[in-house]
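The residues making up each chain are set out below.
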Amino acid sequence: MSDHVVLHVKGRVLVGPDDVRDELWAVDGRITYDRPRAEALTLEGWALPGLVDAHCHVGLDHHGAVDETTSEKQALTDRDAGTLLIRDAGSPSDTRWIDDREDLPKIIRAGRHIARTRRYIRNYAHEIEPGDLVAYVAQEARRGDGWVKLVGDWIDRDAGDLTACWPRGEVAAAIAEAHRLGARVTAHCFAEVALRDLVEAGIDCIEHATGLTEDTIPLFAERGVAIVPTLVNIATFPDLAAGAEAKFPDWSAHMRRLYERRYDTVRAAYDAGIPVFVGTDAGGSLAHGLVAAEVAELVKAGIPPLQALSATAWGARQWLGRPVLEEGAPADLVVYDTDPRADVRALAAPRRVILNGRVVG
């Protein structure tokens, strides 16, 4: 990592989708558009705000919590891909130590997943019954950074398919308690069955949202409920279905249907005005550093490239209440050789990564 020198970024600085400037400087870790007197290191290219992965898990792998060395490797992989802001959508690990590292991405935590007993991946979540939901949501709201993560549906082994995890009354009370404590609530949902209750209960976001239909899309749009589709994760559905075919044929068939209509679902949501943001679901079974691939997937689904770019840049940061490339903001940006607005595949090859005013990659 470089020393804290004055940086001069020139070329095309994408302050916003339509706000393009010729240059900026990073002085003492902050952005300025006023030329400093100090000598500066000049970098040239197309600059974007540090990318956002709005569904990522640092401190987690497919077995559960991981040690700090592994967590560090995960965070560094995301950073080197240009992800400088992560909404950690549930982790059993305490990653607060990352906040003291100026060379690692900034994290907005949702605490630990809250799931129904025996209705989620082992070692991931607090597994509880509905009567304890309000108390656990309050606990995680206090532990997190303004978000709480519920598991809204999962396979019910007795039913042999995805079913809702929480009664409507309990989830409404829990979401109200989170809001009282200043936290927003999101939920993992693959299927159709839980969506209406969660949205009408006041939820703020749905992860994956593969179960959206023409009946629920207008409700999401009316309430302004965001979705984070995690299409790079949905790509694993056929393999999951094949592995469970013999034991849970109904679940397997359901997962295939959700997979087959995934692009149509995302495009219909976008067309209806539902806010769509980039998230990879890295850290469970998926590798870190897939943010560029997820943006490309949104474009493949039919979201216009500039809006797909905003879903990991300007729009995503605004949604999470974090600054972009404005005067005085932390100098967190990524420099590319070509214009990512013209072709989002440019995101896969960052030329320079700058975090807190330092060149780190």
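Preceding this paragraph is the structure being described.
One structure accompanies this document, and this report is about it. (Residues numbered from 1 in each chain as written. Predicted model: local features only at pLDDT ≥ 70, side-chain atom pairs only at ≥ 80, totals over all residues. Heavy atoms only, no water.)

Core analysis: the largest hydrophobic core is formed by 81 residues, its most contacted members being Leu 48, Leu 133, Leu 150, Ile 203, Ile 206, Phe 220 and Leu 298. Take this core: its biggest share by element is five residues, from helix α10 (residues 291-301). The next biggest cluster of nonpolar side chains, apart from the first, holds 17 residues, and it includes Leu 7, Tyr 33, Ala 329 and Ile 354. (Core = buried A, V, L, I, M, F, W, Y, C linked by side-chain atoms within 4.5 Å. Buried < 20%, exposed > 50% of the residue type's maximum accessible area, 1.4 Å probe, protein only. Helix = DSSP H or I, 4+ residues; strand = E, 2+ residues; numbered from the N terminus.)

Once that is clear, we can look at the packing of helix α7 (residues 237-244) against helix α8 (residues 249-260). At their nearest, the axes of α7 and α8 sit 8 Å apart, and the two run at 165° to each other. Relative to α8, the element α7 is oriented roughly antiparallel. Where α7 crosses over α8, the handedness of that crossing is left-handed. Note on element contacts: α8 touches α7 through Pro 249, Trp 251, Ser 252, Met 255, Arg 256, Leu 258 and Tyr 259, opposite Phe 237, Pro 238, Leu 240, Ala 241, Ala 242 and Ala 244. Grouping the amino acids of the contact of α7 with α8 by side-chain chemistry returns eleven nonpolar, one polar and one charged. (Axes fitted to C-alpha atoms, helices over the stretch in contact; angles between N-to-C directions. Parallel < 35°, antiparallel > 145°, perpendicular 65-115°, else oblique. Left-handed = near helix turned anticlockwise from the far one by under 90°. Contact = heavy atoms within 4.5 Å. Nonpolar A, V, L, I, M, F, W, Y, C, P; charged D, E, K, R; others polar.)

The next subject is the packing of helix α2 (residues 133-143) against helix α3 (residues 168-180). If you want to describe how two helices pack, look at the angle between their axes and the distance between the axes. Running from N to C, α2 and α3 point in directions that differ by 25°, and their axes come no closer than 8 Å. Relative to α3, the element α2 is oriented roughly parallel. By crossing handedness, the relation of α2 to α3 is classed as right-handed. Contacts between α2 and α3 involve Leu 133, Val 134, Val 137, Ala 138 and Arg 142 on the former and, on the latter, Glu 170, Val 171, Ala 173, Ala 174, Glu 177, Ala 178 and Arg 180. Taken together, the residues of the contact of α2 with α3 sort by class into eight nonpolar, no polar and four charged.

Let's shift gears to a positive patch on the surface. A contiguous patch of positive charge, built from Arg 118, Arg 122, Arg 157 and Lys 247, is present on the exposed surface. Of note, Arg 118 is situated in the loop between β10 (114-116) and β11 (126-128). (Patch = residues over 30% accessible without salt bridge, like charges linked within 9 Å, V, L, I, M, F, W, Y side chains within 5 Å. Areas by Shrake-Rupley, 256 points an atom, 1.4 Å probe, with all protein chains shown as cover. Salt bridge = Lys/Arg side-chain N within 4 Å of Asp/Glu carboxyl O. Lys, Arg positive; Asp, Glu negative; His and termini not counted. Charge placed at Lys NZ, Arg CZ, Asp CG, Glu CD.)

Burial analysis of strand β12 (residues 147-151) places five of its five residues in the buried class, the great majority of the element. Side chains Trp 147, Lys 149 and Val 151 of β12 all project onto a buried face; the interleaved residues Val 148 and Leu 150 project onto the opposite face, where all are buried too. Sheet topology note: the β12/strand β15 (residues 184-189) ladder contains five bridges and is parallel. Counted as the bridge partner of Trp 147 is Arg 184 from β15. (Pairing = 2+ DSSP bridges.)

The next thing to look at is the sheet that holds strand β2 (residues 19-27). Taken in spatial order, the seven strands of this open sheet run β3-β2-β1-β4-β18-β19-β20, and their pairing is mixed. Each end of this open sheet is capped by a strand with a single partner; those strands are β3 (30-32) and β20 (358-359). Here seven bridges tie strand β1 (residues 7-16) to β2, and the two strands are oriented antiparallel to one another. Directly across from Val 13, in β2, lies its bridge partner Arg 21.

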